[in-house]
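Chain and residue survey
If you want the building blocks of each chain, they are given just below.
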Amino acid sequence: MRRSRHGVRGLAAAFIAAAGALLFATPAAAAPLTPVPELDVNRYVGQWYQLAANPAPYNIDCARDTTAFYTLLDERNVRVENSCTTFTGDRRGIIGNARVNDTAALHVSFPGVPFQDSLDGPSNYIVTYLANDYSWAVVGDPTRISGFVLSRSPVVSDDAWREIRNVVEASGYNSCLMLTSPTTEGLQEIKPLCAV
């Protein structure tokens, strides 16, 4: 139990530091996040593992194995099922909807979540980078407050981590404010992406 408490404290401290830095480090005049020119939703659906993310209140208790599973409902709607293992070892999740507004710009909504419960709305999920083979992606909201590195595999090589960091930084994110997301088979610790 001691380890769990220290893990939560460490994560809470990292979250507070990163959240504060996000508020003050992102230039207000920065150009909005740019979507990839083409997204084949049929290839994009399926299982994704979160490898790194900007800290957010809704994921602060996620200790490891954060996943997203996307299922195509129709030409404009995708079922979103996000889940993670918490510091207490419980699995928790939420189900929502992603509505395609433009090629790689979607509006993600979750019933009962304040400001995110409407099926229609502005794009808050921009696919800004997508590997040619759809093996990994960088997504976020237009202002870069949220940001996620998603991968089809929970394990990536050291070379892949370097490439991920380069892409994250080229997309306008501060890689020292994005934290890694542990996976059972892969990276085991939470630390700034710039330190990987």
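Residues numbered from 1 in each chain as written. Predicted model: local features only at pLDDT ≥ 70, side-chain atom pairs only at ≥ 80, totals over all residues. Heavy atoms only, no water.

An unreviewed UniProt entry lists the protein chain under the name Lipocalin family protein, with Rhodococcus pyridinivorans given as the organism.

Notes on the packing of aromatic side chains
Inspection of every chain in the model, using the stated rule, returns 4 aromatic pairs. Between Tyr44 and Trp48 the ring centres are 5.0 Å apart and the planes differ by 40 degrees, which places this aromatic pair in the tilted class. We classify Tyr44 as buried; its relative accessible area is 6%. Take Trp48: its relative accessible area is 0%, and that puts it in the buried class. Pairing Tyr70 with Tyr125 gives two aromatic rings, centres 6.2 Å apart and planes at 90 degrees, and the pair type is edge-to-face. Taken as a pair, Tyr70 in strand β2 (residues 62–72) and Tyr125 in strand β6 (residues 125–130) lie far apart in primary sequence, 55 residues in all. In this structure, Tyr70 and Tyr125 share a single accessibility class: buried. Taken together, the ring pairs in this structure connect Tyr44, Trp48, Tyr70 and Tyr125 into an aromatic cluster. (Phe/Tyr/Trp six-rings, centres within 6.5 Å; stacked < 30°, edge-to-face > 60°. Buried < 20%, exposed > 50% of the residue type's maximum accessible area, 1.4 Å probe, protein only. Helix = DSSP H or I, 4+ residues; strand = E, 2+ residues; numbered from the N terminus.)

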